[in-house]
Amino acid sequence: MTDVGPPPQAIDAIPLRHPWRWVAAAVILVIVALFLYGAATNPAYGWPTYLEYLFNERVLLGVFNTLQLTVYSMVIGVALGVALTVMRLSSNPVMSAVSWVFLWIFRGTPVYVQLAFWGLFPTIYQNLQLGVPFGPSLLEIDLQEFSYPFVLAVVGLALNEAAYMAEIIRAGITSVPEGQMEASIALGMSWGMTMRRTVLPQAMRVIIPPTGNELISLLKTTSLVTAVPYAFDLYGIATREIAARIFEPVPLLLVAASWYLIITSVLMVGQYYLERHFSRGVSRTLTTKQLDALAKAQLPSAG
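What you are looking at is a predicted structure, and each value in this text was computed from that prediction instead of being measured. (Residues numbered from 1 in each chain as written. Predicted model: local features only at pLDDT ≥ 70, side-chain atom pairs only at ≥ 80, totals over all residues. Heavy atoms only, no water.)

With respect to the overall build of the chain
Where we set the bar: Put simply, DSSP marks the helices as runs of H or I at least four residues long and the strands as runs of E at least two long, and each gets a number from the N terminus on. Working definition: with a 1.4 Å probe on protein chains only, accessible area under 20% of the residue-type maximum means buried, over 50% means exposed, and in between means partly exposed. Whether two residues touch is decided by their heavy atoms; if any such pair falls within 4.5 Å, the residues are in contact. Reported accessibility uses the Shrake-Rupley method at a 1.4 Å probe radius. Residues are deemed covered only where the shown protein chains occlude them.
Within the chain, the regular secondary structure consists of twelve helices and two strands. What you see in the chain, going N to C, is helices and strands ordered as α-α-α-α-α-α-β-β-α-α-α-α-α-α. Within the chain, buried positions represent 30% of all 303 residues. Sequence-distant contacts, at least 24 apart, represent 73% of the contacts inside the chain between residues at least 6 apart. Accessible surface for the chain amounts to roughly 20300 Å². Of this, 68% is attributable to carbon and sulfur atoms.

Concerning the packing of helix H3 (residues 57-88) against helix H9 (residues 191-221)
Here is the rule: Where helices are involved, their axes are fitted lines through C-alpha atoms of the stretch in contact, as for all axes, and angles between N-to-C directions lie from 0 to 180°. Convention used here: angles under 35 degrees read as roughly parallel, angles over 145 as roughly antiparallel, angles from 65 to 115 as roughly perpendicular, and any remaining angle as oblique. Should the near helix be turned anticlockwise from the far one by less than a right angle, the crossing is left-handed, and should it be turned clockwise, the crossing is right-handed. Classes in brief: Ala, Val, Leu, Ile, Met, Phe, Trp, Tyr, Cys and Pro nonpolar; Asp, Glu, Lys and Arg charged; the others, Gly included, polar.
Contact geometry for H3 and H9: axes closest at 9 Å, N-to-C directions at 140 degrees. One element, H3, and the other, H9, form an angle in the oblique class. In the packing of H3 onto H9, the handedness of the crossing is right-handed. Across from Thr66, Thr70, Ser73 and Met74 in H3, the residues of H9 making contact are Thr211, Glu214, Leu215, Leu218 and Leu219. Here the residues of the contact of H3 with H9 sort into four nonpolar, four polar and one charged.

What to know about the pattern of salt bridges
The test is simple: A carboxyl oxygen of Asp or Glu within 4 Å of a side-chain nitrogen of Lys or Arg is what we treat as a salt bridge.
As enumerated under the stated definition, the model contains four salt bridges in all. Linking Glu167 and Arg107 is a salt bridge whose minimum nitrogen-to-oxygen distance equals 3.7 Å. With a gap of 60 residues between them, Glu167 in helix H7 (residues 149-174) and Arg107 in helix H4 (residues 93-108) connect regions that are remote in the sequence. The salt bridge involving Arg170 is made with Glu167; its shortest N-O contact spans 3.0 Å. Separated by three residues within a single helix, Arg170 and Glu167 lie in helix H7, roughly one turn from each other. When its relative accessible area of 25% is taken as the criterion, Arg170 is described as partly exposed. Taken together, the shared-partner salt bridges in this structure form one network comprising Arg88, Arg107, Glu167 and Arg170.

Observations regarding H4
Under the convention used in this document: The span you would expect from a helix comes to 1.5 Å times its residue count less one. When we speak of the arc, we mean the arc of directions from the helix axis to the C-beta atoms. Under this definition, polar contacts are N or O atom pairs within 3.5 Å; protein pairs additionally need one hydrogen-donor-capable and one acceptor-capable atom, and for neighbouring residues in sequence, both atoms have to be side-chain atoms.
Spanning 16 residues, H4 covers 22 Å between terminal C-alpha atoms, matching the ideal 22 Å at 1.5 Å per step. All of the buried residues in H4 are Ser99, Phe102, Leu103 and Phe106. Considered in projection along H4, the buried side chains sweep an arc of 95 degrees and stay on one side of the axis. Counted as exposed and oriented over 90 degrees from the buried face of H4: Pro93, Val94, Trp104 and Gly108. Residues of H4 that are buried sit in contact with H3, helix H5 (111-119) and H7. Structurally, the start of H4 carries an N-cap: the backbone nitrogen of Val94 is 2.9 Å from a side-chain oxygen of Asn92.

Some words on unusual backbone geometry
Val228 connects to Pro229 through a cis peptide bond whose omega is 5 degrees. With respect to the element layout, Pro229 can be found in the loop between H9 and helix H10 (234-246). Its identity is not glycine, yet Phe247 carries a phi of approximately 60 degrees, on the positive side. Looking at the secondary structure, you find Phe247 in the loop between H10 and helix H11 (249-278).

Section: a nonpolar patch on the surface
Where we set the bar: Each patch groups residues whose relative accessible area exceeds 30% and which form no salt bridge, using 9 Å between like charges and 5 Å between nonpolar side chains of Val, Leu, Ile, Met, Phe, Trp and Tyr.
Residues Trp20, Val23, Val27 and Ile31 make up a contiguous nonpolar surface patch of about 450 Å² in total accessible area. Note on placement: Val23 falls in helix H1 (residues 19-41).

So, the UniProt feature "transmembrane region" (unreviewed entry) in the chain
Definition in use: UniProt positions are given in the numbering used here, feature names are shortened, and annotations may be inferred rather than shown by experiment.
UniProt tags residues 20-40, 60-86, 98-121, 215-232 and 252-274 as "transmembrane region" (unreviewed entry). Taken as a whole, residues 60-86 contains 100% helix and 0% strand, while its terminal C-alpha atoms sit 39 Å from one another. Helix makes up 100% of residues 252-274 and strand 0%, whereas the separation of the span's terminal C-alpha atoms amounts to 33 Å.

Quick word on the packing of H3 against H11
The N-to-C vectors of H3 and H11 enclose an angle of 45 degrees; their axes lie 11 Å apart at closest approach. One way to sum up the angle between H3 and H11 is to call them oblique. Crossing angle aside, the handedness with which H3 passes H11 is right-handed. Contacts between H3 and H11 involve Val59, Leu60, Val63, Thr66 and Leu67 from the former and Val255, Trp259, Tyr260 and Ile263 from the latter.

Details of H3
Here H3 contains 32 residues, and its C-alpha end-to-end distance of 45 Å stays within 8% of the 46 Å for a straight helix at 1.5 Å per residue. Taking the backbone nitrogen of Arg58 as reference, a side-chain oxygen 2.8 Å away marks Asn56 as the first, capping residue of H3.

Describing the side chain of Asn65
Tracing the sequence through the fold places Asn65 in helix H3. The contacts of Asn65, once residues within four sequence positions are left out, are Phe150, Tyr230, Phe232 and Asp233.

Rendered as structure tokens:
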């Protein structure tokens, strides 16, 4: 048997020097410092007005309404997205076609146009009648009296969000190997139990990151609900109510931007912990035992 020689010596690697990286970093720091100094000394930013209205009661009301729009629209959007995903993956051609057409319309038209349509919905459809087709009407609703911009804004945002969530959920489900589902069914699990215990826990690693991005995007999209029209969100109160009254749009835009950044930062922290929770047991770094086994496997075998 041929003796295996001693393992090779460790390579004394000398890292390459990158002086231009430090030069670029210094230039960037100088530019940022100049911008911050200019912003701090420029009276057009209106920093006293910014500090005065940052925690104004009307602004806080706008923050609360924006959070309500975001939460309600996201919950409804996720629920509809799940239903659309089931329809899209169904073997029934009618259900699959209906789901595809829904996604085609709501992903292919701008959100502002959709919200404007929902704002005009009571004008387009003045009466809503429910009853026997070509027969007597059992219920009639006068949509002219249905003047709830908040509800219409939630409906418009939720339907648009459902189209994107359906594709995110479908991508997560299809990322799980088919063998996982086949093995679960072979063990006697029902379809629902298979989805709940086998498919979805693995699919969540794919679903959570884009869903977090969609939630953050939806938060910022609420600034478009003025098309409904609904003017009591954060952007509407800050820019259309207060700024128009005091004739100082710049500091009020900064107030709105600050609150969007605060809420977005909180959502990003929550997304980080959710991703870490559903990524347990998955690591891209090899352990010491795995590295040792890989090194032994690559040694020349005995002759």
